[in-house]
Each structure stands twice: as structure tokens, then as C-alpha cells.
Amino acid sequence: MKIEIKRLNDGFHMEAANENGNTVHIDASPEIGGTNKGMRPMQLVLTGLGGCSAIDVINILKKQKQELKDIQITVTGERQKDAVPALFTEAHIHFKLFGSVDADKAQKAVSLAVEKYCSVAKTLEPNTRVTYDFEIIAA
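Summarised in this report is the structure supplied together with it. (Residues numbered from 1 in each chain as written. Predicted model: local features only at pLDDT ≥ 70, side-chain atom pairs only at ≥ 80, totals over all residues. Heavy atoms only, no water.)

1. A look at the overall build of the protein
Point 1. Within the protein, the regular secondary structure consists of three helices and six strands.
Point 2. When the helices and strands of the protein are read in sequence order from the N terminus, they spell out β-β-β-α-β-β-α-α-β.
Point 3. For the protein, the spread of C-alpha atoms along the principal axes amounts to about 50 × 35 × 25 Å.
Point 4. Burial analysis of the protein (139 residues in total) assigns 29% to the buried set. (Helix = DSSP H or I, 4+ residues; strand = E, 2+ residues; numbered from the N terminus. Buried < 20%, exposed > 50% of the residue type's maximum accessible area, 1.4 Å probe, protein only.)

2. Focus on the sheet that holds strand E5 (residues 88–100)
Point 1. Pairing is mixed across the open sheet formed by three strands, whose spatial order is E4-E5-E6. Only two strands of the sheet have a single partner each, and these edge strands are strand E4 (67–79) and strand E6 (129–137). Pairs of neighbouring strands in the sheet enclose a mean axial angle of 15°, with direction left out of account.
Point 2. Bridge count between E5 and E6: nine bridges; the pairing is parallel. For Phe95, the partnering residue across the bridge sits in E6 and is Phe134.
Point 3. The strands touched by helix H1 (residues 41–63) are E4, E5 and E6; relative to E4, the strand with the most contacts, the crossing angle is about 150°.
Point 4. Lying on the sheet, helix H2 (residues 103–117) is in contact with E5 and E6; it crosses E6 at an angle near 155°. (Pairing = 2+ DSSP bridges. Axes fitted to C-alpha atoms, helices over the stretch in contact; angles between N-to-C directions. Contact = heavy atoms within 4.5 Å.)

3. Section: the environment of Cys52
Point 1. As for its position among the elements, Cys52 is in helix H1.
Point 2. Between the C-alpha atom of Cys52 and that of Gln107, which follows or precedes it by 55 residues, the distance is 17 Å.
Point 3. When neighbours within four sequence positions are excluded, Cys52 is seen to be in contact with Cys118, Ser119 and Val120.

In C-alpha cells, the structure reads:
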């Protein structure tokens, strides 16, 4: 795995690219001179947590032959107060599952995804309490 990051201005606005040419913009907060032209690095960590666990939920529900029509994820995080570095202490993932999905199978899929398969959750685990819940919205 390789990421290349290049600076786009004389401040903190940067573009990260992977080996396939996919990009994401990164920037700092205006309080330290950023311009809000990209996601902040710690926002990207939460993005990774949500994306990683969502991929696992989708895969598990497919294997369970569930009719998942769509999925939306909200991830929130709390960081240490007055600490440098300010690590995440808590992260919560809320999954909205759209379609004809059995609640017991959804519970199993979500718990396996977050507790067993999501590499980002496991990476955060030593310092961060990762919690989750879900709701099913029938299609």
C-alpha cells in the first residue's frame, strides 16, 4: 500500500493519491491557518472506520442473502481534551440499513464487522472505545 501526498498551496491544503490515482484532499482547521478545502487527518480516520466497517457489513449481508438496497453510515468521535497528540477516546458508528433485512442477521453482520473484521476498528482499539448500533429502514 502506498499513498503519495502533494502540497497544493502555501498553507496546509494537500492532495493524497493512491496507486490507482484515487484522490482525497486534506487541509487543516482555519484556527491554525487551514482553508477547509479538504478533510482533516482525524476526520479521515473516522472516514476509514466507517468505510471499512461498511464494506464488511455489506459483504456479510450478501453472504447471508439479505436484500440490502442501500447503506448509510454516521461516525462520531471524541478526542482527548487538552492533550497533544489528542487521540480518539471513543468512536461510534451508526448504520442505516435500507431494504428487506432480517434484524438478527443485521445484528450479527454489524457486530462481526466492527468487532472482528474491520482493520481500522482493530487499529483504533488499544486507545479508543468503538461502539455501534444500527437501524433497518424497510424498502
